[in-house]
Amino acid sequence: TEGSWAQVYPASDGVADTVSWERTAQGVWDYRYLKTLRARIDAERKGARLAVEAHAAEAFLAATLKPITIDDLASAMLQPQEWAQFRAALARHLTALQSK
């Protein structure tokens with residue numbers, strides 16, 4: 001809708017980015033955080049038992065990804081408040097599983 005897809009343009013002070021560029025960057029970070037959460041859950045699973053925090057993180061991950069389908073772009077769209085809640089919950093779970 002902005003007329004360009006994830007582009008930056010030359011500017012006198014470096015580059016001027018587009019809204020799509022920023023959205024793409026945020027999506028990449030979200031992916032990295034989700035991948036890190038999965039890795040931390042898997043690391044916990046290697047222990048004698050899955051910690052309470054890992055169970056909670058796994059439930060969060062399953063609930064987050066369940067409604068998303070690859071064939072339906074709208075299934076992954078969140079309103080700004082939903083997106084903020086998702087990121088806050090993701091950060092809480094990552095922090096709870098932080099390596100000691």
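Summary of the structure given here.

Thresholds applied
- Residues numbered from 1 in each chain as written.
- Predicted model: local features only at pLDDT ≥ 70, side-chain atom pairs only at ≥ 80, totals over all residues.
- Heavy atoms only, no water.
- Helix = DSSP H or I, 4+ residues; strand = E, 2+ residues; numbered from the N terminus.
- Rg over C-alpha atoms; globule rule 2.2 N^0.38 Å.
- Buried < 20%, exposed > 50% of the residue type's maximum accessible area, 1.4 Å probe, protein only.
- Contact = heavy atoms within 4.5 Å.
- Areas by Shrake-Rupley, 256 points an atom, 1.4 Å probe, with all protein chains shown as cover.
- Axes fitted to C-alpha atoms, helices over the stretch in contact; angles between N-to-C directions.
- Parallel < 35°, antiparallel > 145°, perpendicular 65-115°, else oblique.
- Left-handed = near helix turned anticlockwise from the far one by under 90°.
- Pairing = 2+ DSSP bridges.
- Core = buried A, V, L, I, M, F, W, Y, C linked by side-chain atoms within 4.5 Å.
- Expected span 1.5 Å × (residues − 1).
- Salt bridge = Lys/Arg side-chain N within 4 Å of Asp/Glu carboxyl O.

Time to look at the overall build of the protein chain. Of regular secondary structure, the protein chain possesses 3 helices and 2 strands. Helices and strands appear in the protein chain in the N-to-C order β-β-α-α-α. Rg of the C-alpha trace for the protein chain: 17 Å, well past the compact-globule value of 13 Å for 100 residues, more than 25% over. Overall, the protein chain is about 55 × 30 × 20 Å in size when its C-alpha atoms are taken along their principal axes. Within the protein chain, buried positions represent 21% of all 100 residues. Sequence separation of 24 or more characterises 45% of the internal contacts of the protein chain that already satisfy a separation of 6 or more. Surface exposure of the protein chain reaches about 7,700 Å², of which carbon and sulfur atoms provide 58%.

The relative placement of two packed helices is expressed as an angle between their axes plus a distance between the axes. Between helix 1 (residues 19-45) and helix 2 (residues 52-65), whose axes approach to 10 Å, the crossing angle comes to 140°. By the angle between their directions, the pair helix 1 and helix 2 is classed as oblique. In the crossing of helix 1 with helix 2, the sense of the turn from one axis to the other is left-handed. Here Leu34, Leu37, Arg38, Ile41, Glu44 and Arg45 of helix 1 come into contact with helix 2, specifically with Ala54, Ala57, Glu58, Phe60 and Leu61.

This paragraph deals with the pairing of strand 2 (residues 14-17). Here strand 1 (residues 8-11) pairs with strand 2 via 4 bridges, running antiparallel. Within strand 2, the position partnered with Tyr9 by the bridge is Ala16. With antiparallel pairing between neighbouring strands as the criterion, strand 1 and strand 2 make up a hairpin whose turn holds 2 residues.

Most often, soluble globular proteins keep nonpolar side chains buried together rather than apart. Ranked by internal contacts, the top residues of the largest apolar core, which has 13 residues, are Leu37, Ile41, Phe60, Leu90 and Leu97. When contributions to this core are tallied by element, the ones reaching two or more residues are helix 1, helix 2 and helix 3 (80-96). For Leu37, the contacting residues outside a window of four places in its chain are Ala57, Phe60, Leu61, Leu90, His93, Leu94 and Leu97.

The end-to-end C-alpha distance of helix 1, which contains 27 residues, comes to 39 Å, matching closely the 39 Å that a straight helix rising 1.5 Å per residue would cover. Burial in helix 1 covers these residues: Ser20, Asp30, Leu34, Leu37 and Ile41.

So, on to the pattern of salt bridges. Enumeration over the complete set of coordinates arrives at 4 salt bridges. Glu58 is paired through a salt bridge with Arg45; the nearest N and O atoms lie 2.3 Å apart. In this pair, Glu58 is assigned in helix 2 and Arg45 in helix 1, connecting sequence segments 13 residues apart. For Glu58, a relative accessible area of 22% translates into the label partly exposed. Through salt bridges with shared partners, a single ionic network connects Arg38, Asp42, Arg45 and Glu58.

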